[in-house]
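Analysis of the macromolecular model
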Amino acid sequence: RCTAVLESDDRQRVWGAYSTLVIKVYRPEVGLTLGMVNEQLTSLSRLHAALDGSIANGWTVSTPRPLYICDSPLALVMTAVPGNWDLKSGTGLDENLTPELLDSLGRALVTAMGKCWSRGKLHGDLGLQNILYDIQRMQLSFIDSGTRECCIVCNDITNPWSPAALELGHILRDLGTDVRDLAGSPIAWARRRRFTESALRAFLETFDTLEEKQQALDEIRICAQSHLSKVLEPSWSLRGLCRKPLTRFVEGRMDSI
């Protein structure tokens, strides 16, 4: 998919009360149907109703409001949200992203998304690239929500894993498989680790007993491993053989966190 921003030069309204819109256009080769995009609209509408305008650990939370689906070309029109950095880029480039702010953002993530998780709902594609922030305005935005069908692990109804474990496991998996720090980005790796650890601690604090905390942590680890197995699925090909040591490396990273 590709995303375009439509903004009025003179701040006049482009659509209803909005002067800025975001248009997500789906490429034909992706193979999405109109029904699938409708499901994404429903997911985004649910997320918007649950979180938009709420306060989480001092951060004002925003999510896009879906407005319209165009069937040719297949596209989803939605409102814009605040955020001058996404967490994936910001951890490598934003000099203002201090350890204290990373801790605050990790806790805000759990506080905000906890409202959805407690109702059995998922963001659907919760990754650092889909979390925007604006430090000066203390704004936190969640974008690009998906559906359970987008992920084989999350869509497996035979596993009674909680929504929180699934999505925190997804973030943990992403951190483990992000090996770009080996190419000279140790600061980005350290910042992403700090954020993830903060989110995990905040989530564990929602439980009363040590046994409950350990059970929740074990569940998150299992979910992360399950997500990992789908990304680094073994095979007898040369690529598959190369993935075996990478899998051990990633699992070691996740355990250290």
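Placed above this text is the structure.
The following refers to the structure shown. (Residues numbered from 1 in each chain as written. Predicted model: local features only at pLDDT ≥ 70, side-chain atom pairs only at ≥ 80, totals over all residues. Heavy atoms only, no water.)

Attention shifts here to the packing of aromatic side chains. All told, the structure shown has two aromatic pairs when counted by the stated rule. The interplanar angle of 85 degrees and the centroid separation of 6.3 Å between the aromatic rings of Trp 117 and Phe 203 together place this pair among those described as edge-to-face. Placement of Trp 117 in helix H3 (residues 99-117) and of Phe 203 in helix H5 (residues 186-204) is noted, with a sequence separation of 86 residues between them. Taken as a pair, Trp 117 and Phe 203 share a single burial class, namely buried. Considering the side-chain rings of Phe 203 and Phe 207, the 5.2 Å spacing of their centres and the 85 degrees angle between planes classify their relative orientation as edge-to-face. Judged by its relative accessible area of 25%, Phe 207 is partly exposed. Among the aromatic residues, those joined into a ring-pair cluster are Trp 117, Phe 203 and Phe 207. (Phe/Tyr/Trp six-rings, centres within 6.5 Å; stacked < 30°, edge-to-face > 60°. Helix = DSSP H or I, 4+ residues; strand = E, 2+ residues; numbered from the N terminus. Buried < 20%, exposed > 50% of the residue type's maximum accessible area, 1.4 Å probe, protein only.)

This part is about the pairing of strand E8 (residues 131-134). Alternating residues of E8 divide into Ile 131 and Tyr 133 and Leu 132 and Asp 134, and every residue in both groups is buried. With two bridges joining them, strand E7 (residues 85-86) and E8 adopt antiparallel strand pairing. Each residue of the ladder has a partner; that of Trp 85, found in E8, is Tyr 133. Direction of pairing for E8 relative to strand E9 (residues 139-142): antiparallel, over a ladder of four bridges. Note that in E9 the partner of Asp 134 across the bridge is Gln 139. Between E8 and E9, which pair antiparallel in sequence order, lie four residues; one of them, Met 138, sits at a positive phi of approximately 55 degrees. (Pairing = 2+ DSSP bridges.)

Here we take up helix H1 (residues 34-51). Here H1 is 18 residues long and its end C-alpha atoms lie 26 Å apart, about the 26 Å a rise of 1.5 Å per residue gives. Every buried residue of H1 is listed here: Val 37, Gln 40, Ser 43, Leu 44, Leu 47, His 48, Ala 50 and Leu 51. Turning to H1, the residues buried within the fold contact strand E2 (20-25), strand E4 (59-62), strand E5 (66-71), strand E6 (74-79), H3 and E9. Where H1 ends, the next residue or the one after it, Gly 53, has phi of about 90 degrees, a positive value. (Expected span 1.5 Å × (residues − 1). Contact = heavy atoms within 4.5 Å.)

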